[in-house]
Amino acid sequence: MFVAGIDAHATYSVIAIVSNTGQLVAGPIRIKNTQEDRLNGLLGQFQPLEVVVETSPAWPWLFDRLQGQGIDFVLAHAKRLRVIAESNYKSDDIDAELLARMRLAGLIPEVHPKCPRQREQAVLLRNRARLVRERTRMVNRIHAQIHNVGLHLERGRLLTQDGREWVRDVAWPLLGAERRLFIDMQWALIDQIVPMIRTLDRRVEHVGREIPAVALLETVPGIGPYRALLIATETLPITRFRTPGHLVSYAGLAPRSSQSGLRPIRHGSIPAGANRWLRGTFVRAVVSHVTHAPDSWLSQSYELIRQRLGWQVARVATARRLARAVHAMLRTGEVSGVMNRWLEQIE
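Residues numbered from 1 in each chain as written. Predicted model: local features only at pLDDT ≥ 70, side-chain atom pairs only at ≥ 80, totals over all residues. Heavy atoms only, no water.

Colleague: Is there a simple way to explain the environment of H77 in this structure?
Modeller: Relative to the elements of secondary structure, H77 occurs in the loop between β5 (71-76) and α3 (82-85). The class for H77 is partly exposed, based on a relative accessible area of 23%. For the pair H77 and W277, spaced 200 residues apart in the sequence, the C-alpha separation amounts to 16 Å. When residues no more than four places from it in sequence are discounted, the contact partners of H77 are T55, P109 and V111. (Helix = DSSP H or I, 4+ residues; strand = E, 2+ residues; numbered from the N terminus. Buried < 20%, exposed > 50% of the residue type's maximum accessible area, 1.4 Å probe, protein only. Contact = heavy atoms within 4.5 Å.)

See the structure below:
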């Protein structure tokens, strides 16, 4: 058994290979990313072999290149590799060898490597999210100018024709020439972004139709094509998560826990280092679910928690229950009509 630590960069990679006894048998060797034959020749000398790579923009091409060669690929969570991140002396050679030795010691925090199809879906989803974020920023800038003259317009209304007419009729006389120019420019940028978002929405629907799990997730009120595709992209195959609690933890919806000595376990806030895309999707899905299905079991649970602990805690707690229900749905293939029964079983 051999382990190869690879410190991958944009133009080259550094490889260090150690045996199961901890002996350095090859490297550290620097190989250009264009020298595919040299890389294959080096790794092919050692079998069976595990390859350890940190998460970075360079890992996908290594993953694709090593597929089908009988090599086990291990993707390491870069932010959790504190031994490397906090080292006083860093170099590519040291990092590559340390990755291999940490794998032998069982100290590598692993990340599931997405297949090429899922990576393409992630690019689509993140592209749409960034455009929506930019549109929101422009809308907020217009709101700020309106607030400066003592006026207020409801959130969301500014993106409608009625909202624009209100600005022209009510706010325009109070705004100076520079503020009017500023708002006109923000509207012009919004008009360019909106068609792009609609194009991506159609693309999301088209891609989602090819994935059975997306259709299953869309049966849940509050989960539309975009959220369903995002959940499927970030969680499939669902067998990665042995229990609903594993999915809850992966999504960053489980609170931190600490215990020392004879003190009881204390539960704190939710962790920052988690899958923020999945966590945000579940939390926002709860908001939409409560609006569109106020009589559902999930909405009633949200309302009870909100009355006792406030809406912030209620959203996260209900998102945690929704994640558990989604796990059950994806494992069994059952639609959301039986969600209540699953929620009762997994509480």
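Colleague: Looking at this structure, how should I read the nonpolar core?
Modeller: Burial of nonpolar side chains together is a common tendency in soluble globular proteins. Formed by 63 residues in total, the largest nonpolar core has its most connected members in V167, L253 and F282. The contact partners of F282, leaving out residues within four places of it in the chain, are I231, A251, L253, A319, L322, A323 and V326. Listed in part, the 22 residues of the second largest apolar core include I15, I17, A58 and L66. (Core = buried A, V, L, I, M, F, W, Y, C linked by side-chain atoms within 4.5 Å.)

Colleague: It is not clear to me how helix α9 (residues 225-235) should be interpreted in this structure. Could you clarify?
Modeller: Each α-helix turn comprises 3.6 residues. Residues three or four places apart therefore point the same way. Among the 11 residues of α9, 10 are classified as buried, and the element is accordingly described as predominantly covered. Along α9, the residues classified as buried are Y226, R227, A228, L229, L230, I231, A232, T233, E234 and T235. On its buried side, α9 packs onto α5 (116-147), α7 (177-208), α8 (212-217), α10 (244-250), α11 (276-292) and α13 (311-332).

Colleague: Would you mind going over the pattern of salt bridges with me for this structure?
Modeller: If charged atoms from side chains of opposite charge come close, those side chains can pair. Enumeration according to the criterion identifies 16 salt bridges in this entry. Residues E97 and R101 are paired through a salt bridge, measuring 3.0 Å at the closest nitrogen-oxygen approach. Residue E97 and its partner R101 are located together in helix α4 (residues 92-104), separated by four residues, close to a single helical turn. Taking relative accessible area as the criterion, E97 reaches 22% and is therefore assigned partly exposed. Taking relative accessible area as the criterion, R101 reaches 31% and is therefore assigned partly exposed. Between R157 and E154 there is a salt bridge whose closest N-O contact spans 3.3 Å. Under the relative-accessibility criterion, R157 is labelled partly exposed at 25%. Note on E154: relative accessible area 45%, which makes it partly exposed. (Salt bridge = Lys/Arg side-chain N within 4 Å of Asp/Glu carboxyl O.)

Colleague: Any chance you could explain the environment of K32 here in plain terms?
Modeller: Inspection of the secondary structure puts K32 in strand β3 (residues 24-32). Classification of K32 as exposed rests on a relative accessible area of 55%. Residues K32 and H9, spaced 23 residues apart in sequence, show a C-alpha to C-alpha distance of 9.3 Å. Sequence-distant contacts of K32, that is, excluding residues within four places in its chain, are made with T11 and Y12.

Colleague: Can you help me understand the packing of aromatic side chains in this one?
Modeller: The geometry of an aromatic ring pair comes down to the distance between the two centres and the angle between the two planes. This structure, assessed with the given rule, holds six aromatic pairs. Ring centres of F63 and F73 lie 5.1 Å apart, and the angle between their planes is 80°; this geometry places the pair in the edge-to-face category. Taken as a pair, F63 in helix α2 (residues 59-66) and F73 in strand β5 lie far apart in primary sequence, 10 residues in all. One aromatic cluster is present, formed by W59, F63 and F73 through successive ring pairs. (Phe/Tyr/Trp six-rings, centres within 6.5 Å; stacked < 30°, edge-to-face > 60°.)

Colleague: Help me out: how do you make sense of the sheet that holds β5 in this one?
Modeller: Strands pair in a sheet through their backbones, by hydrogen bonds, and they do so in one of two ways: parallel or antiparallel. With respect to topology, six strands assemble into an open sheet ordered β3-β2-β1-β4-β5-β6, the strand pairing being mixed. Looking at strand neighbours, the two that pair on one side only are β3 and β6 (110-111), the edges of this open sheet. Looking at chain direction, strand β4 (residues 49-54) and β5 are connected through six bridges and run parallel. The residue of β5 that forms the bridge with E54 is A76. Sheet contacts for α2: β1 (2-8), β2 (12-19), β4 and β5; angle to β5, the most-contacted strand, approximately 165°. Its contacts with the sheet place α4 against β1, β2, β3, β4, β5 and β6, and it is angled at close to 40° to β2. (Pairing = 2+ DSSP bridges. Axes fitted to C-alpha atoms, helices over the stretch in contact; angles between N-to-C directions.)

Colleague: Can you walk me through empty space enclosed by the protein in this structure?
Modeller: Left-over empty space is what a probe sized like a water molecule reveals as it rolls over the atoms. Counting across every chain of the model gives one cavity of 30 Å³ or more. What lines the largest cavity is S13, I15, I31, K32, N33, Q35, L39, W61 and R65. Where the lining of the largest cavity is concerned, the elements lending two or more residues are β2, β3 and α2. Of the residues belonging to the lining of the largest cavity, the class tally is four nonpolar, three polar and two charged. (1 Å grid on protein atoms, 1.4 Å probe; cavity = no way out; pocket = protein on both sides within 12 Å on 5 of 7 lines; lining within 4 Å. Points joined across faces, edges and corners; volume = space filled by probe spheres on them. Nonpolar A, V, L, I, M, F, W, Y, C, P; charged D, E, K, R; others polar.)

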